[in-house]
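Here is how the chains run, residue by residue.
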Amino acid sequence: MLAAHNPNFETRDFLKRVGLIWLAIASVVGLINAGAVLSARFPDPDDIMRLIQVRDLLGGQGWLDAHQYRVDAAGGPEAGGVLMHWSRLVDIPLALVIGALTPLIGSAAAETVALVLVPLLTLGIAMLLAARIVWKTLGDDPIAMTCIAMALSVPLLFQLAPMRIDHHGWQIVGGLVAVNGLLARRALLGGLVAGLAMAAWLSISLEGLPLAAAICALMAWRWWQDAARRDWLAWVMLGLAGGSVLAYFGTKDASGLLTYCDAIGPAHIAMFVWGAAVLGVLAWVNPSSRLVLLAGFGLAGAGAIAILMGLAPECAGSNFAQLDPVLIEFWYESVSEGLPIWHQNLDVALQIFVFPILGIYASYTLSRSTSGKQRQWWSEYTLLLIAAFLIAVLVARAGALAAALAAVPMGWQIRKWLMSIRVMDGTFARAGAMVALILALAPSLPFQVYSAVVPEDARRSDADMPVITAGNRASACDIASSAKLLAGLPMGEIYAPLDISPRLLLETPHSVIATGHHRGEKGMVFVIETALGSSEAAQAALQKRGTKYVALCPDLNEAMLYAQAKPDGFAADLTEGRAPEWLEPIAFGIETGFRAWRVKPD
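Sequence order sets the numbering: in each chain, residues are counted from 1 along the sequence as written. Given that the model is predicted, a residue must reach a pLDDT of at least 70 before its local features are reported, and side-chain atom pairs must reach 80 or more before they are shown or counted; all residues, however, enter totals for whole chains, interfaces and linings. Working from all heavy atoms in the structure, the side-chain values ignore hydrogens and water.

Caption draft 1: A look at the overall build of the chain. Counting from the N terminus, the helices are DSSP H or I runs at least four residues long and the strands are E runs at least two residues long. Within the chain one finds 26 helices and seven strands. The quantity called the radius of gyration is restricted to C-alpha atoms. Its globule counterpart is 2.2 Å times the number of residues to the power 0.38. For 602 residues, the compact-globule formula gives about 25 Å, and the C-alpha radius of gyration of the chain, at 26 Å, lands near that figure. When each of the 602 residues of the chain is scored for burial, the buried share is 52%. Once local pairs closer than 6 in sequence are excluded, the contacts in the chain between residues at least 24 apart make up 71%. Shrake-Rupley sampling with a 1.4 Å probe provides the accessible areas, and residues are treated as covered by the protein chains on show and by no other component. Carbon and sulfur atoms form 64% of the exposed surface of the chain, whose accessible area is close to 26,400 Å². Note on exposure labels: buried denotes an accessible area under 20% of the residue type's maximum, exposed denotes more than 50%, and partly exposed covers the range between, all computed with a 1.4 Å probe on protein chains only. Here a residue-residue contact requires only that any non-hydrogen atoms of the pair lie within 4.5 Å.

If you want it as structure tokens, here you go:
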């Protein structure tokens, strides 16, 4: 599509430059996260559950079987356990690394290598994809700065750091592959690449649907501006529909053809197929009338909505609208990464907000300072960035993909700013400009410096202590050190807070009642209601269920949230050292902050 790159700068030069920059950045990121790797400290319980899912796969569980059989085994489906909504696609690189290295270095070491290598390789792929967009549109000069710009975004780097093996990094890759497809000279190749990438991306997480819709809308805009480019939307939709069929039947047990609102299912695929068919025919007819073209777009959109409402009307709203109210209050509203930007702390909000805004500014500047196909491309890219930014405002964790897309024009913009600073007159002027640039690229830096130099007791008093939320999972509890004894106890179900249950599954052969995954809603409600109820009610509920153990980290913020809500409840009794007599303490011989009890039989 564009021919701005230096023809003498060949592909091997491009790969070498990006590879060297990635190696340098990956080395620094690896060193920063070395403590977390050595202590097996995961960023999020979802990363632990991902490793458990891979272990189950390597242990012989079926490729199409996504159940977690040790979660709510007593109260789950007839087959036992909870059906996860995660895609097997993310398991592939982890399983390949662990499976290949286990015969050579053992399973524990192989898992550690995978926990480091896979996220860093994902970072390298994301850098390569972002740098390729720059190379194809602006030439080879901004390549290095684009890669560096990606490393400057905290939300982006968090999703691609060691131990972060959940699906968010691959969502970023899927989005970047789709945008690279839009750069192709031929609609057939580029459209199919973009559509297939979006299909894989949506198979990994339905959270990508709003931005995928924005990409399709952008292709409709291409068609509206120039009928000669009508094939783009048709091929993108064909790739999306065909790729979704392949991903669905290739990764899920589709015998029941069930539609879930939290993952791509038959209703969504039917929407994509309808859109591909209508738009394909429309592109073939190539109507000369704008009114007919608009009617065709309307038919594709209205038909897709009608299909969704007919096949899965419950999926027309929020995926979490039907959750039990107790889960909404004590779980969903406490997972800050899934909430809008105005629910975040100021430093986190700035990290999500500022970088994409600067990217939009840089992209718009490029659209105004270029001409021809370059102007056309950067105008489209600006619209795409605006869409990504608005989605990130509504869902905080979407800020990582918005930052990845923003890094493309930001590499050019940062390089331009640095060149301007270099020719400034006066040392103070240059120093001031550099400070301003650093603060623009790292807006949370003042907060971090303030927190580092000012003692905590001077920053806040008891009167303005913040409310504890379950989304903040900080705890000094060391489950791994106590796990050996716990793992040796007779097999049984453990009652534990949602946030530490994945760790208990990882370290022991026991089962748990629930983890923080909404398809296990029944078990999650049981855990929360038991924590909020009296110790007498907890005794009756756990003995009736046949639960053998209770485990807790008293300083875990989830447990403290329950204790705050019900000071006379079961969770409060446990966190404040008032364990009831029907619980027999388990002595671990070392102080780890972890507490466990046996449930005495009725």
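Let's pick the thread back up.
Caption draft 2: Spotlight on the packing of helix H8 (residues 168–181) against helix H9 (residues 187–204). Helix axes are fitted to C-alpha atoms over the stretch in contact, other axes to C-alpha atoms as well, and angles between N-to-C directions run from 0 to 180 degrees. Between H8 and H9, the shortest axis-to-axis distance is 7 Å and the interhelical angle comes to 165°. As summarised for this structure, H8 and H9 are arranged roughly antiparallel, according to the angle between their axes. Like other packed secondary-structure pairs, H8 and H9 cross with a definite hand, here left-handed. Judged by residue contacts, Trp170, Gln171, Gly174, Gly175, Val177, Ala178 and Gly181 of H8 engage Gly190, Val193, Ala194, Ala197, Met198, Trp201 and Ile204 from H9. Residues are sorted three ways: Asp, Glu, Lys and Arg are charged, Ala, Val, Leu, Ile, Met, Phe, Trp, Tyr, Cys and Pro are nonpolar, and all the rest, Gly among them, are polar. In terms of residue class, the contact of H8 with H9 is made up of nine nonpolar, five polar and no charged. Throughout this description, any angle smaller than 35 degrees is read as roughly parallel, any larger than 145 degrees as roughly antiparallel, any in the 65 to 115 degree range as roughly perpendicular, and the remainder as oblique. In this scheme the handedness of a crossing depends on how the near helix is turned from the far one: anticlockwise by less than a right angle means left-handed, clockwise means right-handed.

Caption draft 3: Representation of the confidence of the model for the chain within the structure. As a per-residue measure, pLDDT reflects the predictor's confidence and takes values from 0 up to 100. The predicted model of the chain averages 88 in pLDDT, with 91% of residues at 70 or higher. Considering only residues more than four positions removed or in separate chains, one finds that residues 459–472, a stretch of pLDDT under 50, has 20 contacts.

Caption draft 4: Just a nonpolar patch on the surface, in detail. A contiguous nonpolar surface patch, about 430 Å² in accessible area, is contributed by Leu104, Ile105, Val113, Leu117 and Leu121. Looking at the nonpolar patch, the elements with two or more residues in it are helix H4 (91–105) and helix H5 (107–138). No other element matches H5, which puts three residues into the nonpolar patch. Leucine 104 sits in the exposed class, given a relative accessible area of 70%. Patches draw on residues past 30% relative accessible area with no salt bridge. Two like charges within 9 Å are joined, as are two nonpolar side chains (Val, Leu, Ile, Met, Phe, Trp, Tyr) within 5 Å. Salt bridges are defined as contacts in which a side-chain nitrogen from Lys or Arg sits within 4 Å of a carboxyl oxygen from Asp or Glu.

Caption draft 5: Unusual backbone geometry, seen in detail. The phi torsion at alanine 40 lies on the positive side, around 55°, for a residue other than glycine. Take alanine 40: it is sitting in the loop between helix H2 (34–38) and helix H3 (45–58). The phi dihedral of methionine 163 falls on the positive side, at around 80°, and the residue is not glycine. Mapped onto the fold, methionine 163 is located in the loop between helix H7 (154–158) and H8.

Caption draft 6: Focus on the pairing of strand S5 (residues 549–552). Of the two faces of S5, the one carrying Tyr549 and Ala551 and the one carrying Val550 and Leu552 are both buried. In this sheet, S5 lies alongside strand S3 (residues 493–495) in parallel orientation, the contact comprising two bridges. What sits directly across from isoleucine 494, in S5, is tyrosine 549. Bridge count for S5 against strand S7 (residues 595–599) is four bridges, and the pairing is antiparallel. Counted as the bridge partner of tyrosine 549 is arginine 598 from S7. Strands were regarded as paired on the criterion that DSSP finds at least two bridges between them.

Caption draft 7: Spotlight on the pattern of salt bridges. Applying the stated criterion across every chain yields a total of 18 salt bridges. Ionic pairing is found between arginine 164 and aspartate 47, a salt bridge with its closest N-O pair at 2.9 Å. Of the two residues, arginine 164 is situated in the loop between H7 and H8 and aspartate 47 in helix H3; the sequence distance between them amounts to 117 residues. The burial state of arginine 164 is the same as that of aspartate 47; both residues are buried. Among the ionic pairs, aspartate 72 bridges to arginine 545, the shortest N-O distance being 2.5 Å. Residue aspartate 72 is located in the loop between strand S1 (67–68) and strand S2 (82–83), and its partner arginine 545 is located in helix H24 (residues 535–545); the two are separated by 473 residues in the primary sequence. Overlapping salt bridges, with partners in common, bring together Arg50, Arg88, Asp91 and Asp166 in one network.

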